[in-house]
Amino acid sequence: MTPKLEKINLGKRKDCNHPDINTQASYLAKIEGEWYAGRFTREWYGLNFNAVYRAGYQLNFGDWEELYKIKR
């Protein structure tokens, strides 16, 4: 079965949060020219993507180019 991708509008980010991101779902992200697959966790400061660094990657940090929710 081929997964389907749902594009997430990064323009809806506010600080380190986003209304369309679900911490139970998996995502495909293009960050600073590289592709990563992972999940978000909710931390005290907001959303953190677990696929880039061991400590994660904050939603309001760096150059997020594209983000897709992976749907089955």
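Bear in mind the structure is a predicted one, so any value in this text is a computation, not a measurement.

Remarks on the sheet that holds strand S3 (residues 34–38)
In step 1: The strand order across the open sheet built from four strands is S1-S7-S2-S3, with neighbouring strands paired in antiparallel fashion. Each of the sheet's edge strands pairs with one partner strand only, and the pair in question is strand S1 (4–7) and S3. Across the sheet, the mean angle separating the axes of adjacent strands is 25° when strand polarity is ignored.
In step 2: Judged from the five bridges that link them, strand S2 (residues 26–31) and S3 form a sheet pairing that is antiparallel. Bridge pairing links Ala 29 to Tyr 36 in S3.

What to know about the environment of Ile 21
In step 1: If you trace the backbone, Ile 21 turns up in the loop between S1 and S2.
In step 2: Exposure remark for Ile 21: the relative accessible area of 9% places this residue in the buried category.
In step 3: Spatially, the C-alpha atoms of Ile 21 and Ile 8 are 8.1 Å apart, while their sequence positions differ by 13 residues.
In step 4: With residues up to four places along the chain from it excluded, the contact list for Ile 21 reads Tyr 27, Phe 40, Leu 47, Leu 59 and Leu 67.

Rules used throughout
Residues numbered from 1 in each chain as written. Predicted model: local features only at pLDDT ≥ 70, side-chain atom pairs only at ≥ 80, totals over all residues. Heavy atoms only, no water. Pairing = 2+ DSSP bridges. Helix = DSSP H or I, 4+ residues; strand = E, 2+ residues; numbered from the N terminus. Axes fitted to C-alpha atoms, helices over the stretch in contact; angles between N-to-C directions. Buried < 20%, exposed > 50% of the residue type's maximum accessible area, 1.4 Å probe, protein only. Contact = heavy atoms within 4.5 Å.

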